[in-house]
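Structure at a glance
The residues making up each chain are set out below.
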Amino acid sequence: MWSTTPRPVFRRFVGTVVVGVALAATSGCTVPIDAVAGISVTSDGHLLGVMMVCGHKIDDAVLYVDSADVDKQVTVGSWTADRPLTPGLATWPLDAPASGWTATRSLAPLTTKTTYALYGGTKDNSWSSSSVSFTLADRDRLTPGKVRCDSISDNGDESAITVSIAEFKTRACQNM
């Protein structure tokens, strides 16, 4: 029995389907990063959120338990900016009411031996920030005017660093 579909057309069709499936399987839906999150402390030891917006906007921030197990990533605090943050530096206290911010979930008590992560994003998922991970011991080592943030090396390794606020403002957006 002869096929009514010419072989080159059939091969092209199969090739197109294979390429489409391969692209779908290897592409992920991620929100582009255009801000850098950090933490700092006030002179009386209160935890501050620090966000350096590089080019677009951020209007939400979430503090959650950082875990490789998605089921253990529990939100312990979240905030919404009264107006979207535009390029530049923003700071706000995470454990008290703050001008320009609304706590959509008040900060729960933080515990030792737990790793937390602060992350920023937008309500419409158009932009996000990098996150910064920390423990209470990391927080306790901070001094006012210093920011803990994540740094990514040229080979892609990620590590936490502590820098002055001035250095954070200068360097945070360099690789965006």
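Up top is the structure these notes are about.
Scope of this entry: the structure provided in the associated data block. (Residues numbered from 1 in each chain as written. Predicted model: local features only at pLDDT ≥ 70, side-chain atom pairs only at ≥ 80, totals over all residues. Heavy atoms only, no water.)

Here we take up the overall build of the chain. For the chain, the helix and strand inventory stands at three helices and 11 strands. Sequence-ordered secondary structure for the chain, helices as α and strands as β, is α-β-β-β-β-β-β-β-β-β-α-β-β-α. Here the chain, with 176 residues, has 34% of them falling under the buried criterion. For the chain, the share of sequence-separated contacts (at least 6 apart) that also reach a separation of at least 24 residues comes to 57%. As presented, the chain carries roughly 10,800 Å² of accessible surface, and 55% of it is formed by carbon and sulfur atoms. (Helix = DSSP H or I, 4+ residues; strand = E, 2+ residues; numbered from the N terminus. Buried < 20%, exposed > 50% of the residue type's maximum accessible area, 1.4 Å probe, protein only. Contact = heavy atoms within 4.5 Å. Areas by Shrake-Rupley, 256 points an atom, 1.4 Å probe, with all protein chains shown as cover.)

This paragraph deals with the pairing of strand β1 (residues 33–41). Most of β1 sits out of view: eight of its nine residues are buried. As paired elements, β1 and strand β8 (residues 128–130) share two bridges and run parallel to each other. Each residue of the ladder has a partner; that of Val-36, found in β8, is Ser-130. Pairing of β1 with strand β2 (residues 47–53) involves seven bridges; the strand directions are antiparallel. Each bridged residue has a counterpart across the sheet, and for Ile-39 the counterpart in β2 is Gly-49. Between the end of β1 and the start of β2, which pair antiparallel, lie five residues, with Gly-45 showing a positive phi angle near 85°. (Pairing = 2+ DSSP bridges.)

Per the counting criterion, the structure on display carries one disulfide. Two residues, Cys-54 and Cys-173, share a disulfide whose sulfurs are 2.0 Å apart. Residues Cys-54 and Cys-173 are joined by a disulfide whose S-S torsion is about -85°; by sign, that bridge is left-handed. One end of the pair, Cys-54, is in the loop between β2 and β3 (58–65); the other, Cys-173, is in the segment after α3 (165–171), with 119 residues separating them in the sequence. Using a relative accessible area of 23% as the deciding quantity, one classes Cys-173 as partly exposed. (Disulfide = S-S within 2.5 Å.)

Once that is clear, we can look at the packing of aromatic side chains. Counted by the stated rule, this structure contains three aromatic pairs. Judged by centre distance (4.0 Å) and plane angle (20°), the ring pair of Trp-92 and Trp-101 falls under stacked. The class of Trp-92 is buried, set by a relative accessible area of 0%. Owing to a relative accessible area of 11%, Trp-101 belongs among the buried residues under this scheme. When the ring of Tyr-116 is compared with that of Phe-134, the centres are 6.0 Å apart and the planes differ by 35°; the resulting orientation is tilted. (Phe/Tyr/Trp six-rings, centres within 6.5 Å; stacked < 30°, edge-to-face > 60°.)

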